[in-house]
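Below are the chains, spelled out letter by letter.
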Amino acid sequence: MSGLEQRIQNAVHGQAQPTVTVLSSLLAVEDELGYIPKEALEEVAEFTHSTVNDVWAVASFYPNFRFDPPAEHKVEVCWGASCHLVGAMSVFKSVLEAAGMEDEGDTADGRLTVKLNTCLGACAHAPVMAVDHHLFGRVTPQSAAQKVIDGLQQDKHGK
Amino acid sequence: MASSFLEIGHEAQLRWQELVAGEKPWIRIGTALCGEAAGAFEIAGDVESELETQGVSALVSKVGCLGLCFAEPLMDVQLPGGHRIFYGNVSSDDIPEIISAHVSGGAPVVARALGYIQEAGSDAPLPDGIPDLNQHPMRIWENRIVLRNAGNIDPLDIYQYVANGGYRALHKALTDLDQNQTLEEVKASGLRGRGGAAFPTATKWSFLAGNPAQDKYVLCNCEEGDPGAFNDKNILESDPNTLVEGVIIAGYATGASKGYIFIRHGHDGPIERCRTAIEQARELGFLGKNILGSDFSYEIEVALTGDSYVAGEESALMEAIEGKRAMPRFRPPFPAQFGLFGKPTNINNVKTLSYVPEIVSNGGEWFASIGHDTSTGTVILCLSGNLKYTGMVEVPLGINLKDVIFEAAGGMRDGKNLKFLQTGGPLGGVLGADSIDVLLDFEILRAAGAIVGSGGLIAADDSVCIVDMTRSLIAFCQYESCGKCFPCRMGMSHLLEVLERICRLEGTSDDLTLMRNIGENMQAGSLCGHGQLGFNPVSSALRYFGSEFDRHISGHECPTGTCSMPRYSPALARR
């Protein structure tokens with residue numbers, strides 16, 4: 001068994017809560033690996049006594065699942081109405097420019113994922129962004145771009 | 001062996017006295033999602049290291065949200081036996097002085113203080129030159145029932161909850177009331193669902209209570225994907241024990257065997273705090289077999305969903321807990337007959353269930369005396385947008401909406417004028433500035449073309465374009481349509497196309513009629529509220545701002561210039 005398969009199996013079999021389903025198993029894999037590899041679809045199908053087809057139906061429905069390995073860092077910009085009306089679009093444009101990207105997605109070097117999030121939940125501090133799940137409120141296009149640049153720089157210097 | 005409720009209460013009181021009147025000062029820092037976004041975790045780290053540097057001894061707690069989100073990071077210092085002194089918008093530079101002068105030296109930094117809150121039972125003199133925080137515009141209208149502990153107690157410590165009256169309602173229900181009397185208390189309160197539909201809670205419960213099945217479930221809905229609403233997540237972060245107690249009492253009153261609390265995966269703060277509250281309740285004997293020595297046994301589990309707004313719809317929610325795609329079911333059969341895993345089920349929103357402990361403690365009549373007409377109790381509003389004071393307030397129903405906006409929230413920032421209010425989430429409705437002289441009452445607000453809904457209120461000033469805002473709301477609804485019913489799936493896409501055309505100033509004179517036709521089809525042909533109410537953002541915007549749409553279509557101009565700004569949308573992942 002490969003290392004990847006072992007990690008998938010541990011995640012799927014190690015769920016602590018009583019109600020174990022296709023969705024809960026996929027979330028467990030996502031938590032462990034940050035994505036759902038093909039092997040996980042098979043493992044989850046076997047573990048939950050369903051089919052790969054059924055598992056794929058669920059996995060493809062929820063946009064939080066991705067199917068290739070994640071970039072090292074994730075930057076999310078909130079796209080909700082509260083953020084929209086105080087400049088979320090300009091913030092997102094600025095983040096894309098700092099990352100050298102045209103739209104949502106991963107950078108070619110696999111260092112960064114840039115994504116819109118439907119609501120990060122800190123609406124009183126709009127516009128909001130998140131860097132690796134840590135929230136930052138009242139960002140400006142400049143401060144948002146700086147966070148992207150700082151984050152990438154920090155890694156280069158080995159933290 | 002589990003301790004008696006009396007013993008737990010005694011232990012809780014001892015611990016609480018140690019906190020507020022013990023040897024050491026107590027520092028509390030607000031760390032809900034709003035606090036996190038403002039940098040509260042960094043401030044908490046700075047406070048800890050500065051205490052060490054200066055060699056000062058103090059207790060530091062990460063509490064929830066006081067509601068004054070605009071002032072975050074928000075921390076307060078309480079000297080032993082004294083009152084709480086709050087510091088707002090705290091930066092790292094403020095910490096050394098607050099620690100040396102106040103925590104160590106006993107003299108508040110008056111120039112930096114936001115206000116004080118008087119400690120009940122303390123005879124310490126009130127601080128000079130610092131205002132009473134309860135007189136702040138955002139707090140003066142409040143009546144905090146669900147939020148009574150928010151920002152005051154450590155959400156990870158059940159003893160602090162018990163010391164502040166927690167679990168006395170469950171104890172009362174189990175010792176003094178039978179199942180039916182508990183239900184009657186909720187009925188007398190007039191409590192109605194706070195998830196959007198405002199259906200009487202006791203009536204809903206009675207459907208489940210009347211079902212003789214062995215396995216029955218109570219579901220608590222904390223999907224909360226609404227942009228502009230954060231009160232459910234905030235309750236779980238600030239006082240998860242209130243919700244857990246509410247879910248237990250709901251189980252008792254309906255004769256359910258198990259409760260599920262349903263939260264979106266990725267909301268780590270609410271999930272962790274809720275799980276901790278459940279574990280601690282189990283340790284103290286408030287959950288499990290023979291709760292507090294009664295013959296009532298009950299368990300609660302946290303269930304997670306992937307990203308899906310429609311998963312907040314009650315039948316889609318059950319599908320998601322079963323591990324499937326979050327798509328609504330046909331009804332009948334209704335959940336009380338055939339719900340989760342085919343068992344009888346009752347579904348309530350976080351806020352609804354969080355009222356239950358105080359209703360049982362203080363009696364239904366007490367709750368019914370608050371509010372307006374058949375809209376009893378309070379409403380928890382999330383204030384965001386271009387307002388001066390953004391955050392969360394719990395105010396009695398029946399309050400005038402204009403008082404909420406111009407008094408509690410301080411009106412608009414930078415002296416601008418209010419243009420419109422987006423109410424009740426993306427499926428709610430827009431109210432024009434001239435129409436907000438209206439009472440917050442489920443029926444009155446609905447008649448005005450808006451809804452209380454999730455409690456989200458997004459205020460926009462006159463620099464905001466209504467057409468662009470409507471496009472933004474429809475883009476969300478389109479992205480979140482689950483795709484099961486084609487009138488919603490295709491209707492949302494079609495509406496978005498038309499709105500984008502109008503924003504490009506390429507709209508035609510037929511476009512408004514076309515949108516109305518699509519809207520009617522969506523309403524008639526969709527299984528759930530997402531499609532049935534999905535035209536609300538457009539219809540309410542047209543009702544108040546028809547002329548602004550006309551200027552885009554006939555005049556080929558966007559009066560605010562917003563529509564020409566760059567525009568992005570998430571990838572269409574659910575196609």
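Residues numbered from 1 in each chain as written. Chains lettered and ligands numbered in written order. Predicted model: local features only at pLDDT ≥ 70, side-chain atom pairs only at ≥ 80, totals over all residues.

### Re the sheet that holds strand β2 (residues 59-63) of chain B
All names here are of chain B. The following threshold applies: Only strands that DSSP links by at least two bridges are regarded as paired with each other. Strands here are runs of E lasting at least two residues and helices are runs of H or I lasting at least four, both read from the DSSP assignment and numbered beginning at the N terminus. Axes, fitted as lines to C-alpha atoms, cover a helix only where it is in contact. Angles between the N-to-C directions of the axes lie from 0 to 180 degrees. By the convention adopted here, residues make contact when the C-beta atoms placed from their backbones lie within 7 Å.
The strand order across the open sheet formed by five strands is β2-β1-β3-β4-β5, and the pairing between neighbours is mixed. Every other strand in the sheet has two partners, leaving β2 and β5 (113-117) as the edge strands with one partner each. Direction aside, neighbouring strands of the sheet carry axes that sit 20° apart on average. Sheet contacts for helix α4 (residues 95-104): β1 (26-30), β3 (75-78) and β4 (84-87); angle to β3, the most-contacted strand, approximately 30°.

### Describing the packing of helix α8 (residues 179-189) of chain B against helix α9 (residues 201-209) of chain B
All names here are of chain B. Just so we agree on the cut-off: Each angle is binned into one of four classes, with values under 35 degrees roughly parallel, values over 145 roughly antiparallel, values of 65 to 115 roughly perpendicular, and all other values oblique. Should the near helix be turned counterclockwise from the far one by less than a right angle, the crossing is left-handed, whereas a clockwise turn marks it as right-handed. Residues were grouped as follows: Ala, Val, Leu, Ile, Met, Phe, Trp, Tyr, Cys and Pro as nonpolar; Asp, Glu, Lys and Arg as charged; and all remaining residues, including Gly, as polar.
Across the interface, α8 lies against α9 with an axial gap of 8 Å and an inter-helix angle of 155°. As the angle between them shows, α8 and α9 are arranged roughly antiparallel. The way α8 lies across α9 gives a crossing that is left-handed. Of α9, the residues touching α8 (which contributes Q179, L183, V186 and K187) are T201, A202, W205, S206 and A209. For the contact of α8 with α9, the residue count by class is five nonpolar, three polar and one charged.

### Section: the packing of helix α2 (residues 22-33) of chain A against helix α4 (residues 52-59) of chain A
All names here are of chain A. Where α2 contacts α4, the two axes come as close as 10 Å, and the packing angle between them is 70°. As far as their axial angle goes, α4 and α2 are roughly perpendicular. Both α2 and α4 take part in a crossing whose hand is right-handed. The segment α2 lies against α4, with V22, L23 and L26 engaging D54, V55, V58 and A59.

### Focus on the interface of chain B and chain A
Contact with chain B, which involves 53 residues of that partner, is made by 40 residues of chain A. Looking at the side of chain B that touches chain A, the elements with two or more residues in it are α2 (33-38), β8 (299-305), α13 (314-321), β12 (378-385), β16 (456-461) and α18 (466-480) of chain B. Classifying every residue of the side of chain B that touches chain A by side-chain character gives 28 nonpolar, 15 polar and 10 charged.

### Focus on the domain arrangement of chain B
Residue and element names in this part refer to chain B. Going by this rule: A domain assignment, automatic or from a database, supplies the domain bounds used here.
Taken as a whole, chain B is organised into domain 1 (17-139), domain 2 (166-367), domain 3 (375-461) and domain 4 (466-564). Here the C-alpha centroids of domain 2 and domain 3 sit 27 Å apart. Opposite the 16 residues of domain 2 that make contact, domain 3 presents 18 residues. Of all the secondary structure elements, the ones that give two or more residues to the side of domain 2 that touches domain 3 are α10 (231-238) and α14 (350-362). Looking at the side of domain 2 that touches domain 3 residue by residue, the classes come out as seven nonpolar, six polar and three charged.

### Structural notes on the sheet that holds strand β6 (residues 217-222) of chain B
Think of a sheet as strands paired side by side through backbone hydrogen bonds, with each pair either parallel or antiparallel. Residues and elements named next belong to chain B. Pairing is parallel in the open sheet, where four strands are placed in the order β8-β7-β6-β9. With one partner strand each, in any of the chains shown, β8 and β9 (345-349) form the two edges of the open sheet. Recorded for the sheet is a direction-independent mean angle of 25° between the axes of neighbouring strands. With six bridges connecting them, β6 and strand β7 (residues 258-264) associate as parallel partners. Paired with L219 across the bridge in β7 is Y260.

### Looking at the pairing of β12(B)
Residues and elements named next belong to chain B. The condition that has to hold: Here a residue counts as buried when 20 or more other C-beta atoms sit within 10 Å of its C-beta, as exposed when there are 12 or fewer, and as partly exposed otherwise, the C-beta atoms being derived from the backbone.
Counted residue by residue, β12 has eight buried out of eight residues, so it is predominantly covered. Burial along β12 is two-sided: the face carrying T378, I380, C382 and S384 and the face carrying V379, L381, L383 and G385 are both buried. Both β12 and strand β13 (residues 391-396) contribute to a ladder of six bridges, which runs antiparallel. Note that in β13 the partner of C382 across the bridge is M392.

### Things to note about helix α20 (residues 511-525) of chain B
Using the following cut-off: The span expected for a helix works out to 1.5 Å for each residue beyond the first.
The terminal C-alpha atoms of α20(B) lie 21 Å apart, and with 15 residues this matches the ideal 21 Å at 1.5 Å per residue to within 8%. Residues of α20(B) that are buried sit in contact with α19 (486-503), α21 (529-532) and α22 (536-553) of chain B.

### Quick look at unusual backbone geometry
Omega for the bond connecting A:A126 with A:P127 falls within 30 degrees of zero, at -5°, which places this linkage in the cis form. By the secondary structure assignment, A:P127 is in the loop between β3 (112-117) and β4 (129-131). The amide bond that connects B:P332 to the next residue, B:P333, takes the cis arrangement and shows omega of 5°. On the secondary structure map, B:P333 appears in the loop between α13 and β9. With a phi angle near 45°, A:D132 is a residue other than glycine that sits in the positive phi range. Its place among the elements puts A:D132 in the loop between β4 and β5 (134-136). Of note in the backbone geometry, B:D414 takes a positive phi value of approximately 55° without being a glycine. Relative to the helices and strands, B:D414 resides in the loop between α16 (401-408) and β14 (418-423).

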